[in-house]
Amino acid sequence: GRDTEFSGEITQSKFDDIELTLAKAQYELAQRTRRHIAADACGQCVFVLVRKGPLTISQFGREVTLPDESLSILDLDSPFSLKHASATESFFLKVRGVAAEPRLGQLRDRCAVARPVGRGIGRIAADLIVSLNANAADLAPDEAARVAGEMLDLLGIVFDSDAADMPGGPSIARAAIRR
């Protein structure tokens, strides 16, 4: 049936504890249930960057449809669903929750909440994810770990910023200093 078909392309890169996946897909329905989690708890979260959407995610009683150039988070140790019925292009940056929480605060509050990344620091963070994907083969493991840490710092600023007023220019530096 249609709910078990996948049409698209998936590429993955791994850097130490970080996994970056690019998915270009026509249709998808994915769920992680309590049963999946009981069999495979992982202590990880995934940043979902939608370059071309829409992509709908649900977690913790919230459902959000992510449009083009938006970002959200999923906690992989809690049930969630991810779906779309048309062509999408999305990046999935999987990191250990223990690495993300100091930069983002309580992950549960950030999950299934859309953040725009079309300008300012959001655009820079999105471009860094895309660039990491494009240059993955050229990075030594220690370089990849450093870049990933810096990326998490930028993502922390994105999630701390008001969605309607994503910092750009000098306010990026002020946001980084406050962190």
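Below is a summary of the structure that appears in this document. (Residues numbered from 1 in each chain as written. Predicted model: local features only at pLDDT ≥ 70, side-chain atom pairs only at ≥ 80, totals over all residues. Heavy atoms only, no water.)

**Regarding the overall build of the protein**
A count of helices and strands for the protein gives six helices and nine strands. Evaluated residue by residue, the protein yields a buried proportion of 46% over its 179 residues. In the protein, the share of contacts with a sequence separation of at least 24, taken over all contacts with a separation of at least 6, comes to 72%. (Helix = DSSP H or I, 4+ residues; strand = E, 2+ residues; numbered from the N terminus. Buried < 20%, exposed > 50% of the residue type's maximum accessible area, 1.4 Å probe, protein only. Contact = heavy atoms within 4.5 Å.)

**Remarks on the pattern of salt bridges**
Any two side chains of opposite charge can pair if their charged atoms end up close together. For the coordinates displayed, the defined rule picks out eight salt bridges. The network of salt bridges with common partners includes Arg-51, Glu-69, Arg-123 and Asp-127. (Salt bridge = Lys/Arg side-chain N within 4 Å of Asp/Glu carboxyl O.)

**Side note on the environment of Ile-157**
Tracing the backbone shows Ile-157 in helix H5 (residues 141–160). Between the alpha carbons of Ile-157 and Ala-125 there is a distance of 9.3 Å; along the sequence they are 32 residues apart.

**A look at the pairing of strand S3 (residues 44–52)**
It is a general feature of regular strands that their side chains alternate between the two faces of the sheet. Of all nine residues making up S3, seven are buried, and the element is well covered by its neighbours. As paired elements, S3 and strand S8 (residues 88–96) share eight bridges and run antiparallel to each other. If you follow Lys-52 over to S8, its bridge partner there is Glu-89. As paired elements, S3 and strand S6 (residues 70–75) share six bridges and run antiparallel to each other. Looking at S6, one finds that Val-46 is bridged to Leu-74. (Pairing = 2+ DSSP bridges.)

**Overview of the packing of aromatic side chains**
Taken as a whole and judged by the stated rule, the model has one aromatic pair. With 6.2 Å between their ring centres and 55 degrees between their planes, Phe-47 and Phe-159 make a pair best called tilted. In this pair, Phe-47 sits in strand S3 while Phe-159 sits in helix H5, placing the two residues 112 residues apart along the sequence. Each member of the pair, Phe-47 as well as Phe-159, carries the same accessibility label: buried. (Phe/Tyr/Trp six-rings, centres within 6.5 Å; stacked < 30°, edge-to-face > 60°.)

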